[in-house]
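# Results of the structural survey
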Amino acid sequence: MLKTSVDPKVREVFEYRENTNRDKKRWDYTKELTNRERDLYFKELIGYVQTREGAGIGFGDQRRKKNKKEQLVEIIKSLKEEELLQTLYDKRVQGKFLTWENTMQLDTGWQSLLYTLSPELTKFHLNAIHDVASTPSNLQLWNYSSTNNCPLCGRQQCNLKHILTCCPVSLKQGRYTWRHDQVLRVIVQPIAEKLREINSATPKTEVKREWRKFVSGKGTYRKPEVRLTEEPHLLEEGNDWKLVFDEDERTRQFPQHIVNTALRPDVVIYSNTLRKVILIELTCGNEENFEDQRSRKEKRYEELMVEIETAGWEGYLFTVEVGCRGFYHHTLPRIFNFLNITRAKKKRALNTTAVVSLKGSYTIWLSRYNKTWSDNWQLAERPCPV
């Protein structure tokens, strides 16, 4: 604003500041502006770079030409973001979350912060991401404590990962199982609603779609010339789908008329008419081990899938990973897409799953010094059976 002002006296202020701080090493807005204008000049020389696949030269140019000020603001924002990422990558602890692959975070917009997350829960969420919570390990590192032993099991190096996922006492008392069951209920809820909707409808054999009629410039209707036939969705082929989900308070075995096995997947969806079964296995643990958790569960149920195919059934296996800090793996939206859940319900279920997992971890965090564990309260309602 000073540099491009119409008042020559105001422009003299900028020129004076620029000449005064030109040889100084400290940061100054005049030198920053000069550098960003140079970046903008080179960007204009390069031209518009296509980001869409299949777009040709000159396709998709910006409809509204942005002025120089708006372009400079965008460049500064992108550079500041790159500097922030470089700073986080240099920090071994605070930037560790950048190494979590294929993870998606819960919605932390203003609407969520005002009406969904409390200040205490938001603080725990941010501290858990950057591993700056007041764990025994951090307290010893900050010289606030002389020991870093776990208050429950007594093991050393009691960090946030140990408290939320690895403490043997918490595992034996069922703290992690309780959080797992709460998250499972949220995931099963839209699936159960979808199955009830499918069971109340008539099975489809094929879906026919026609091109829409439209009025030409002469006022005549153009008749559709092409008809498209699509195969129905997997769930739309039958209306006798059953849902079995296993949790600690309501133990359910695998349907033994399909295969005799002692394994208990978290969710089993099957149709006796179609002889098709869908298995969903949930893991609610540390975000750093998503890929290991996925491969371990797939290997665990590999033999069961072979037995299902041998028995004449068509089986599908999905592993779902949800983190303890409010993150979830890309496998969670994948199962919703496979079951043809609507976009609105999927978005609501994804955010609710992350929030419930975070609330469960926060409950475990608050009880890190309690020798006893009580789970009389519930974070999510149990879905109605299908």
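As shown above, the structure is provided for reference.
In short, a report on the structure. (Residues numbered from 1 in each chain as written. Predicted model: local features only at pLDDT ≥ 70, side-chain atom pairs only at ≥ 80, totals over all residues. Heavy atoms only, no water.)

What follows is about the overall build of the chain. Within the chain one finds 13 helices and 10 strands. Per-residue burial for the chain yields a buried fraction of 38% across its 386 residues. If you take every contact in the chain between residues at least 6 apart in sequence, the share linking residues at least 24 apart comes to 63%. Looking at the chain as shown, the accessible area adds up to about 24300 Å², and 51% of this sits on carbon and sulfur atoms. (Helix = DSSP H or I, 4+ residues; strand = E, 2+ residues; numbered from the N terminus. Buried < 20%, exposed > 50% of the residue type's maximum accessible area, 1.4 Å probe, protein only. Contact = heavy atoms within 4.5 Å. Areas by Shrake-Rupley, 256 points an atom, 1.4 Å probe, with all protein chains shown as cover.)

Moving on, we come to the layout of surface pockets. A probe as big as a water molecule, rolled over the atoms, marks out the empty space that is left. Quantified by volume, the largest pocket comes out at close to 640 Å³. Looking at the largest pocket, it is lined by 29 residues, and the ones nearest its centre are Leu171, Thr177, His180, Leu282 and Lys297. Every element with two or more residues in the lining of the largest pocket is listed here: helix H7 (160-166), helix H8 (168-173), helix H9 (175-199), strand S8 (276-285) and helix H10 (290-300). (1 Å grid on protein atoms, 1.4 Å probe; cavity = no way out; pocket = protein on both sides within 12 Å on 5 of 7 lines; lining within 4 Å. Points joined across faces, edges and corners; volume = space filled by probe spheres on them.)

Residues in a regular strand project their side chains so that they alternate between the two faces of the sheet. Within strand S7 (residues 267-271), five of the five residues are buried, which leaves the element mostly enclosed by the surrounding structure. As paired strands, strand S6 (residues 241-245) and S7 are joined by five bridges and run antiparallel to one another. Each bridged residue has a counterpart across the sheet, and for Trp241 the counterpart in S7 is Ser271. Alignment of S7 against S8, held across five bridges, turns out to be antiparallel. Bridged to Ser271 within S8 is Lys276. Between S7 and S8, which pair antiparallel and follow one another directly, the connecting turn spans four residues, one of which, Arg275, has a positive phi of 55°. (Pairing = 2+ DSSP bridges.)

Time to look at unusual backbone geometry. A negative phi holds for most residues other than glycine; trans holds for most peptide bonds. Phi is positive for Asn143, close to 65°, though the residue is something other than glycine. Its location among the elements puts Asn143 in the loop between helix H6 (136-141) and H7. Despite not being glycine, Asn340 has its phi angle at roughly 60°, a positive value. Its place among the elements puts Asn340 in the loop between helix H12 (331-338) and helix H13 (343-366). The class for Asn340 is partly exposed, based on a relative accessible area of 35%.

Mapped onto the fold, Gln140 is located in helix H6. Residues within four places of Gln140 in sequence aside, it is in contact with Ser145, Ser146, Thr147 and Asn148.

Ranked by size, the top nonpolar core spans 35 residues in total, and within it Ile187, Ile269, Ile278, Leu332 and Phe336 carry the most contacts. For this core, the secondary structure elements donating two or more residues are H9, S6, S7, S8, strand S9 (314-323), H12 and H13. Sorting elements by how many residues they give to this core places H9 first, with nine residues. Ignoring any residue separated from it by four or fewer positions in sequence, one finds Phe336 in contact with Ile187, Pro190, Ile191, Ile341, Lys346, Ala349 and Leu350. In this structure, Leu121, Cys150, Cys167 and Ile364 belong to the second largest nonpolar core, which totals 21 residues. (Core = buried A, V, L, I, M, F, W, Y, C linked by side-chain atoms within 4.5 Å.)

Turning our attention to the pattern of salt bridges. A side chain with one charge can pair with a side chain of the opposite charge if their charged atoms come near. Under the definition given, this model contains 12 salt bridges. With a closest N to O distance of 3.8 Å, Lys345 and Glu193 form a salt bridge. With Lys345 in helix H13 and Glu193 in helix H9, this pair connects stretches of sequence that are 152 residues apart. Glu193 gets classed as partly exposed once you look at its relative accessible area, which sits at 32%. Salt bridges here are not isolated pairs; linked through shared partners, they connect Arg185, Glu247 and Arg382. (Salt bridge = Lys/Arg side-chain N within 4 Å of Asp/Glu carboxyl O.)

On to the packing of aromatic side chains, then. The description of two aromatic rings rests on the distance between their centres and on the angle between their planes. Here the structure, examined in full by the defined rule, presents eight aromatic pairs. Geometrically, the ring pair formed by Phe124 and Trp365 is tilted, given 6.0 Å between the ring centres and 35° between the ring planes. Here Phe124 is found in helix H5 (residues 119-130), whereas its partner Trp365 is found in helix H13, with 241 residues between them in sequence. Side by side, Phe124 and Trp365 carry an identical accessibility label, which is buried. Through successive ring pairs, a cluster of aromatic residues spans Phe124, Tyr362 and Trp365. Taking the ring centre of Trp365 as reference, the NZ or CZ of Arg368 above it sits at 3.7 Å. (Phe/Tyr/Trp six-rings, centres within 6.5 Å; stacked < 30°, edge-to-face > 60°. Lys NZ or Arg CZ within 6 Å of the ring centre and 35° of its normal.)

You can see Lys3 is positioned in the segment before helix H1 (8-20). According to the relative accessible area criterion, Lys3 is partly exposed, its value standing at 33%. Once the C-alpha coordinates of Lys3 and Glu15 are considered, the two residues, 12 residues apart in sequence, prove to be 7.7 Å apart. Within polar-contact distance, the side chain of Lys3 engages the side chain of Glu37 at 2.8 Å. (Polar contact = N/O pair within 3.5 Å; in protein donor to acceptor, adjacent residues only side chain to side chain.)

With that settled, the discussion passes to the state of the cysteines. Per the stated rule, a full pass over the model turns up zero disulfides. The closest cysteine sulfur to the non-disulfide-bonded Cys153 is located on Cys150, 3.6 Å from its own sulfur. (Disulfide = S-S within 2.5 Å.)

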